[in-house]
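Summary of structural features
One-letter residues, chain by chain:
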Amino acid sequence: MARTSKQRRSSSGREALRKNGMMAHLLDSLDAGEDIGHFGRLVFAMVARYFMDEEELRQTLVQDPACDEHQALSLIEQVKQRDYSPPRREKVLQFQAQQEFPICPNAEDPDACNVYKDLQFPESVYEHISEYREQKAHAHEEDASAAGPA
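Every value quoted in this text rests on a predicted model; they were computed, and no experiment measured them. Note on numbering: residues in each chain are counted from 1, in written sequence order. Given that the model is predicted, a residue must reach a pLDDT of at least 70 before its local features are reported, and side-chain atom pairs must reach 80 or more before they are shown or counted; all residues, however, enter totals for whole chains, interfaces and linings. Note that water and hydrogens are dropped before the side-chain values are worked out from all heavy atoms of the structure.

Another aspect to go through is the overall build of the protein chain. Put simply, DSSP H or I for four residues or longer makes a helix, DSSP E for two residues or longer makes a strand, and each gets a number counted from the N terminus. In terms of helices and strands, the protein chain carries eight helices and zero strands. Burial classification: accessible surface area is computed with a 1.4 Å probe over protein chains only, and a residue below 20% of its type maximum counts as buried, one above 50% as exposed, and the rest as partly exposed. Out of the 150 residues belonging to the protein chain, those deemed buried represent 39%. Intrachain contacts of the protein chain at a sequence separation of at least 6 include 62% that bridge at least 24 residues. Computed by Shrake-Rupley with a 1.4 Å probe, the accessible areas treat only the displayed protein chains as cover when residues are assessed. For the protein chain, the exposed surface amounts to about 9000 Å²; the carbon and sulfur share of it is 49%. Should any heavy atoms of two residues lie within 4.5 Å, those residues are counted as being in contact.

So, about the side chain of Ser29. Relative to the assigned elements, Ser29 resides in helix α2 (residues 21–31). Assessed through its relative accessible area of 4%, Ser29 is described here as buried. Ignoring sequence-local partners within four residues, the contact set of Ser29 consists of Glu34, Ile36 and Phe101.

Each pair of aromatic rings taken from Phe, Tyr and Trp, with Trp reduced to its six-membered ring, is defined by centres within 6.5 Å and is described as stacked if the planes are under 30 degrees apart, edge-to-face if over 60, and tilted in the remaining cases. The full count for this structure, using the stated rule, is six aromatic pairs. For the ring pair Tyr116 and Phe121, a centre distance of 5.4 Å and an interplane angle of 50° mean the geometry is tilted. Taking relative accessible area as the criterion, Phe121 reaches 3% and is therefore assigned buried. A network of ring pairs unites the aromatic residues Tyr50, Phe51, Tyr116, Phe121 and Tyr126 as a single cluster.

Time to look at the environment of Arg14. Note on placement: Arg14 falls in helix α1 (residues 5–17). In the structure, Arg14 is positioned 13 residues away from Leu27 in sequence and 8.2 Å away in space, judged by C-alpha atoms. Residues within four places of Arg14 in sequence aside, it is in contact with Leu27, Asp31, Met52, Glu56 and Thr60.

This part is about the side chain of Asp64. Tracing the backbone shows Asp64 in the loop between α4 (54–61) and α5 (69–81). Taking relative accessible area as the criterion, Asp64 reaches 0% and is therefore assigned buried. Under the rule applied, a polar contact is a pair of N or O atoms within 3.5 Å (in protein, one hydrogen donor and one hydrogen acceptor; residues adjacent in sequence only if both atoms are side-chain atoms). Side-chain polar atoms of Asp64 contact the backbone nitrogen of Ala66, separated by 2.8 Å.

We now examine the confidence of the model for the protein chain. Residue-level confidence of the predictor, termed pLDDT, takes values from 0 up to 100. Taken as a whole, the protein chain shows an average pLDDT of 87; of its residues, 80% reach a score of 70 or greater. For residues 1–10, every residue scores under 50 in pLDDT, and the model assigns this stretch eight contacts once sequence neighbours within four places are set aside.

Salt bridge, as used here: a side-chain nitrogen of Lys or Arg that lies within 4 Å of a carboxyl oxygen of Asp or Glu. Using the criterion set out here, one finds 12 salt bridges in the structure. Here Arg49 makes a salt bridge to Asp83, at a shortest N to O gap of 3.0 Å. Of this pair, Arg49 sits in the loop between α3 (37–48) and α4 while Asp83 sits in the loop between α5 and α6 (89–96), placing them 34 residues apart in sequence. Relative accessible area serves as the criterion here: at 35%, Asp83 is assigned to the partly exposed category. Measuring nitrogen to oxygen at the nearest pair gives 2.8 Å for the salt bridge that ties Glu69 to Arg58.

Structure (structure tokens):
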């Protein structure tokens, strides 16, 4: 039986996500029906949306027993509406500190849970991050100049 382009894209998206240890851990946990916690689902959605279509992302999230259809759709919509960039390692560790499930299975390894090291995102993601950092630096400069000389 021939596979459709949608099936090829989604299976190749899952394969691409598995190049990152954290995302493979989250996928395996979801596939096993584990509760990966609110922040685990958030991190998963923030990254996986670039590799899966919305339907596959929804289907994957609802494998978590603590995430029903409505919650999965709401989370996907929130991530899209706010145009969240995939989180940096430091943010993943902050999220992990707020829940029991270990989002980053090997937090002691400084290279672990860095999705930018292992995954290739669309150029727009990198542009969005650059714009954010430039705005943040500019705001910091304005704050410093408003405070006057030290």
